[in-house]
Amino acid sequence: MSPFSSHLPTTARLPPYFLDTDHRQRCLAQLRSKHNGLEKYIYLSGLKERDPNLFYEVLLGNLLEVTPILYTPTVGDVCSNYSHIWRRPEGLYVTIEDKGRIRQVLKNWTSGSAARIAVVTDGEIYSPRTVRRRSRILGLGDLGANGLPIAIGKLDLYIGGAGIKPTTTVPICLDLGTNTEKFINDPLYLGVRRKRPDTAEMDEFMNEFMEAMKEVFPQLVVQFEDFSTDNAFRVVYLITFDFQIQGTGSVILSGFLNAARIASSAADTPLSDQRILFFGAGSAGIGVAKQLVSFFTLLGMSEEEAKSRIYTVDSKGLITADRKGLQEHKKYFARTDYQGPPLTSLVDIIKYVKPTALLGLSTIRNAFTEECVRLMASFNTRPIIFPLSNPVSLCELDYSDAVHWTNGSVVFASGSPYNPIEFEGKVYEPGQGNNMYIFPGIGLGSILCKARHLTDSMVEQAAIALAGSLTADESSSELVYPRLTRIRDISAEIALAVIRAAQKDEVDENALFRNLSNDALLEYIKAKQWQPTSVHSLPRL
């Protein structure tokens, strides 16, 4: 019996030689015939509705091609146009108008208590302290109800990357209104036509929502995406994961662990000699910098010693403790050991700090100039340069420039994807600090061990596991990240590390794993990874 039969009228027949062809190849050809990313997304969405197994087979067999369509960068265009391309219900909307009956709304989701992971977005950052709103969804502004594809796409990556069962996932959009007039005035807009709530109303809504989530989905991992940390995490009844801060910080820590080993080995210096300069001191930049404190504490340093190895720079220059009006989140890394006049030029700051690593989270295109890069190379055998801002149009340094300006000595990882390049007869392969490396494995490990909450140690051990997941070939090629095509195996190793950390922190509720060896537990994890099964489950393309 063909898996397609249930969709066909009783008089219909499959073409006589359909089973002698590879329908995945046909789907790929149809996908590639589309003229732009939005059309490709619409095609893939339709394929997932018609045949979910086939959709995930195509995804798993072609990760590098399909992932950018389901998530960044194409999902930005999808969100902007979602009310106009909507075909069918794909997720769960909880609106501000549902206040008082949110439990009933959540109970409409078919998986019920079997749900294991949710991605929740409201389409913007909301700060109750300042009542200041700023979008975080790909720089696109306040998207309101159009933000749902963010949750849908992220869960597709959990399914593809870690093997989480599709029927246990819950994409949720909290439709709290929008301050974007063009959506409110758009006759096709799908969301609530009102301004976003004030602090008090938002707090009431979030408290009810989190309480209802705990009751309806008692074993749920919740990832908040493009959402206010202040609101999302004041109620911590559920396992919550801040993708923007914890996810990015963890994957950058992992890449830096490998980059530092390469650089220190080339210079014949201890790892403890690393000095990191962060260009960009917003919430994301400071959050990632705090995660990198772990690099030094893992070497045995105190927190204060670790902090002294990290310098931060914002639009006004080197951040020092004596600066008037310094924002609270910038005080943690503010320097107390600099007494000279303000350093405002990045070149001058590099000359003063002499960093071994330059990391960018500024969203300033080409901020790492040729002078900056050549200066880094002048006092580092292998300079570490991570321009992490997304997308490429906001990236601080292009890979080709990094290789040419350092004569191939750079240890590079970016937030945006770059292709390998050839320089002086050698092919150089860039690293990409892709969050997809880390969050599927964290989610899988948290689900399997039934963690009560996500600890800092679980996130840290996930980064260490990712750093240690390189194959011999990847290590000999001096990669800082493994190749993404191995994501299922990588996620299994990360899940193992997350489970062991949860056990050590005593937040796991699945006691069965505690007596298993690492080999036995890893085998179990891989056996639990969901695999698509269809008539075309042949060796992957």
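Residues numbered from 1 in each chain as written. Predicted model: local features only at pLDDT ≥ 70, side-chain atom pairs only at ≥ 80, totals over all residues. Heavy atoms only, no water.

### Regarding the overall build of the protein
Here is the rule: Helix and strand assignments follow DSSP, with helices taken as H or I runs no shorter than four residues and strands as E runs no shorter than two, numbered in order from the N terminus. Summary of the burial criterion: residues with accessible area below 20% of their type's maximum are buried, those above 50% are exposed, and those between are partly exposed, where the area comes from a 1.4 Å probe applied to protein chains only. Any two residues whose heavy atoms approach within 4.5 Å are treated as being in contact. In these tables, accessible area is a Shrake-Rupley quantity obtained with a 1.4 Å probe, and a residue counts as shielded only by the protein chains included in the view.
Within the protein, the secondary structure is distributed over 22 helices and 16 strands. Within the span of the protein, comprising 541 residues, buried residues form 58% of the whole. Relative to all contacts within the protein whose residues are 6 or more apart in sequence, the contacts with residues 24 or more apart total 71%. Roughly 23100 Å² of accessible area belongs to the protein as shown, and the carbon and sulfur atoms make up 50% of that amount.

### A word on helix α3 (residues 52-61)
Most of α3 sits inside the fold, with seven of its 10 residues counted as buried. If you check which residues of α3 are buried, you get Leu54, Phe55, Tyr56, Glu57, Val58, Leu59 and Leu60. Looking at the buried residues of α3, the elements they touch are α1 (23-32), α2 (37-50), α4 (63-70), α8 (148-162) and α21 (487-504).

### Some remarks on the environment of Cys449
For Cys449, the location among the structural elements is in the loop between α18 (439-448) and α19 (456-467). With relative accessibility at 0%, the residue Cys449 sits in the buried group. For Cys449 and Ala511, which are 62 residues apart along the polypeptide, the C-alpha to C-alpha distance reads 7.9 Å.

### Here we look at the UniProt feature "binding site: (S)-malate" (unreviewed entry) in the protein
Here is the rule: UniProt positions are given in the numbering used here, feature names are shortened, and annotations may be inferred rather than shown by experiment. Contacts described as polar in this section are N or O atom pairs within 3.5 Å, which, within protein, must combine one atom able to donate a hydrogen with one able to accept it, while residues neighboring in sequence count only if both atoms come from side chains.
Sequence positions flagged by UniProt for "binding site: (S)-malate" (unreviewed entry) are, in local numbering, Arg136, Asn390 and Asn434. Examined against the element boundaries, Asn434 turns out to sit in the loop between β16 (431-432) and α18. The residues touching Asn434, leaving out its near neighbours within four places in the chain, are Val251 and Leu484. A distance of 2.9 Å separates the side chain of Asn434 from the backbone nitrogen of Met436, its partner in a polar contact.

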